[in-house]
Amino acid sequence: MPTPALTTTSDGFLLHGEPFRIISGAMHYFRVHPDQWADRLRKARLMGLNTVETYVPWNLHQPEPGTLALDGILDLPRYLRLAKAEGLHVLLRPGPFICAEWDGGGLPSWLTTDPDIRLRSSDPRFTGAIDRYLDLLLPPLLPYLAESGGPVIAVQVENEYGAYGDDTAYLEHLAQALRSRGIGELLFTCDQANPEHLAAGSLPGVLSTGTFGSKVPQSLEQLRAHQPEGPLMCAEFWIGWFDHWGEEHHTRDAADAAADLDRLLSAGASVNIYMFHGGTNFAFTNGANHDHAYQPMVTSYDYDAALTENGDPGPKYHAFRDVIARHAPVPDEPVPAPSVKLPPTVVELGERVPLLPNAGLLAKPVRTEDPVTMDELGLRAGYVLYRTTAPLAGDGLLHFEGGVGDRAQVFVDGAPVGVLERERHDESLPVRIPAAGAVVEVLVENMGGVNYGPRIGSPKGLLGPVTFNGTALHGWDSHPLTLDDLSALPFTPSDGTPAAQPAFHRGTFEVVSPADTFLSLPGWTKGQAWINGFHLGRYWNRGPQRTLYVPAPVLRQGVNDLLLLELNATTSARALLTSAPDLGPVKP
C-alpha cells in the first residue's frame, strides 16, 4: 500500500515529508445547499484554515440496502473537488456512526430497527452491513485520497466510540475494512479527553485525538498521558453547542473561544474547529437526545459557529482569524462581507387543503388489526396517520400502551381532542366518544431519531395497543406520510376562517433577484415548510428557533411557491420573509 501523504513524528505531522499543522474547521456538506459549497469553502480558507472536516451520513447515502446516493446535497465527490480547488485538505469521517446531532446518528433506520443486531459492535450482522456499504461508498472516493492527488489526508475510524463501548474487535474490523478497500491515508480515532474514553475508543497503530471545548492544558495532558508520542490534536474543538426545542439558544463568547483556540495552537497542537460552519438540518434530518427525557434538535444547526447558518462571518470568524494569524499564514485578502439578503416580503397563503380527509392521496393505507410502528411500516421519517373506529361511546381514557414516538395529535370525528408527547411520557388522554363507530384518528410525528447513546433506533409511531376504558381498538388503517410528493393535493381558496385541524397552506411571492432570506411565521404553531419543493424543515413556536433559513439557490427569479403543513391552529394567513435570522433568546 502506498505511503500515506500525512504521517506522524514524535510530536507532530508531516505532509509529503514537510512539517504540517492541521488547522481545520468542520463543515458538513449535507447541511449546506450544494450551490453554496464553494462559497463556504472559500470563506474557510480566508479565515486561515488549511483543512476542512466532514462526516458522511450512512442513512442518507444508503436509504435502502444495496443502494448508494451520491447526487445533489449528497454529491461528496463534488464537495471534495471543490475543497481541492480551494487549496484545502479534508479530514473524512465516514462513521459508520457519526452522532452529529443527526437523525439516528447517521445509522440507517433499516438497520437500527432490526432488534437482533447489536449496533456498533463486532456482531457480524452489523459489520456485514458496514462492509456492504463500504463496498459501494469507497470506490468513488478513492480518487480523492491525497495519495492519488486528492484532498483527503486522513480518515476517522468510528466516532467517540469510547463513550459507547469497548469492543476492540469491532474497531479493528473497521480499520481493516478501510485498509482492504484502498484507504491508505492516515487513520485516526477521536474520543473525549479522559482516560476511560480514550482507552476504550483507541486502536494500536491508529492516531488518537481528543474532543473538548475548554480546559485545554488539562485535556492535552490527558491525551499525552494516553499517547506518549505523536501529534496532539483536538479533533472537535467545541466553540458553540446545539439546541433542543423548548430550550434557549446556546452561544459561547467569541473572545473566550478564541482564547482557548490560542492556547491550543500555542501548545503546538493541531485542531479541528467544531463547527466552522454548522448549516441546517433540512427536511427530517435532525437528531434527538434521550437520557431522562426525549429531546429533539431544532432545524437550525447554526451552533454559534464561526460562519453563521446562512454563511456570514460571525464574531468568532474575526476572532479566530486573528488568532490563527499569530500561528500560521492567513491569506492577505479581505474578510468576506455578509451576503445580500432578500428585501422583506409578505407571502399571502390564500389556498389550503385539510390533511386528514386527504391522507389517502398521499399514501395508501396499510390495514392491520392492531396499530403498528412507523418502523414496521418501513417509514424512515415523517408522519403516520392512524385511523380506526371506537366500538363504544362515553367519557373515559384513551390509553396508548407504551406511549407514542414522538408526538401524537388525537382527533374524534375530525375534532382535535388532545396531544401526547414522548418527552412528557404521555400514555393516556381523557376523551368523549359521542357514539359507537366514531372515527378515532391519531397523527403521529417522528421528531427525529436519537443520535447518541443506547437508545438509537428507538421505535416511532404508536408503540403498542390502544384502548378506550380498557376496551381495545382494532382494525387500523395507517397512512405512512413521507411528504415527498405533494402534487396530488387539491388546493382550494381559503374562506378566511382559521384552520382548526392539520392542513396544507399555499401561497406565491415574487422575487426580483434571488438572495438569502429567512422564513418567519408569526401566528403559526407547528409544522413543515417548503419553498419551490425544497423542504426547509420543521418550525415550532415552542422555540427557541423562530425563523427558517432559506438558501438563495432555492429561490428563482419571478414567481415562487411557499407551502406549509400546519399541524395545529393558525391565526394567520400570511408568512414573512425577513432579512435577519431569529434563533431565539440566548442561553447564558
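Residues numbered from 1 in each chain as written. Predicted model: local features only at pLDDT ≥ 70, side-chain atom pairs only at ≥ 80, totals over all residues. Heavy atoms only, no water.

### Some remarks on the overall build of the protein chain
And then number 1: Summing up its helical and strand segments, the protein chain has 11 helices and 37 strands in all.
And then number 2: Taken over the C-alpha trace, the protein chain has a radius of gyration of 25 Å; the compact-globule value for 588 residues is 25 Å, and the two agree within 12%.
And then number 3: For the C-alpha atoms alone, the extent of the protein chain along its principal axes is close to 80 × 55 × 40 Å.
And then number 4: Residues counted as buried form 60% of the 588 residues belonging to the protein chain.
And then number 5: Counting only contacts in the protein chain whose residues sit at least 6 apart along the sequence, the fraction spanning at least 24 positions is 79%.
And then number 6: In the protein chain, the 43 positive side-chain charges and the 68 negative ones have mean positions that sit 3 Å from each other. (Helix = DSSP H or I, 4+ residues; strand = E, 2+ residues; numbered from the N terminus. Rg over C-alpha atoms; globule rule 2.2 N^0.38 Å. Buried < 20%, exposed > 50% of the residue type's maximum accessible area, 1.4 Å probe, protein only. Contact = heavy atoms within 4.5 Å. Lys, Arg positive; Asp, Glu negative; His and termini not counted. Charge placed at Lys NZ, Arg CZ, Asp CG, Glu CD.)

### Some words on the pairing of strand β6 (residues 89–93)
And then number 1: Here β6 lies mainly inside the structure; four of its five residues are buried.
And then number 2: Relative to β6, strand β5 (residues 51–55) runs parallel, the two being bridged by five bridges. Looking across to β6, one finds that Thr54 is bridged to Leu92. (Pairing = 2+ DSSP bridges.)

### A short note on the side chain of Asn568
And then number 1: Within the element layout of this structure, Asn568 appears in the loop between β35 (558–566) and β36 (574–578).
And then number 2: With residues near it in sequence (within four places) discarded, Asn568 still touches Arg407, Gln409, Ala499, Gln501, Thr525 and Lys526.

### A look at the packing of aromatic side chains
And then number 1: In the structure shown here, the tally under the stated rule is 22 aromatic pairs.
And then number 2: Each ring, one from Trp238 and one from Trp241, has its centre 5.7 Å from the other, and the planes form 80°; the classification is edge-to-face.
And then number 3: Among the residues examined, Trp238 registers a relative accessible area of 19% and is labelled buried.
And then number 4: Looking at Trp241, the relative accessible area reads 33%, which means it is partly exposed.
And then number 5: On the basis of an interplanar angle of 50° and a centroid distance of 5.2 Å, the ring pair of Tyr301 and Tyr303 is categorised as tilted.
And then number 6: For Tyr301, a relative accessible area of 2% puts it in the buried group. (Phe/Tyr/Trp six-rings, centres within 6.5 Å; stacked < 30°, edge-to-face > 60°.)

### Examining the packing of helix α5 (residues 124–137) against helix α6 (residues 168–180)
And then number 1: Relative orientation of the contacting elements α5 and α6 amounts to 15°, with a least axis distance of 11 Å. Regarding the angle of α5 to α6, the classification is roughly parallel. Note that α5 runs across α6; the crossing there is right-handed. Judged by residue contacts, Phe126, Thr127, Ile130, Asp131 and Leu134 of α5 engage Tyr170, His173, Leu174, Ala177 and Leu178 from α6.
And then number 2: Its residues assigned to classes, the contact of α5 with α6 shows seven nonpolar, two polar and one charged. (Axes fitted to C-alpha atoms, helices over the stretch in contact; angles between N-to-C directions. Parallel < 35°, antiparallel > 145°, perpendicular 65-115°, else oblique. Left-handed = near helix turned anticlockwise from the far one by under 90°. Nonpolar A, V, L, I, M, F, W, Y, C, P; charged D, E, K, R; others polar.)

### Concerning helix α8 (residues 216–226)
And then number 1: Within the span of α8, buried status applies to Val216, Ser219, Leu220 and Leu223. For α8, the arc enclosing every buried residue in end-on projection is 95°, short of the 170-degree limit, so these residues lie on one face. The exposed residues of α8 that point more than 90 degrees off its buried face are Pro217, Glu221 and Ala225. (Arc of directions from axis to C-beta.)

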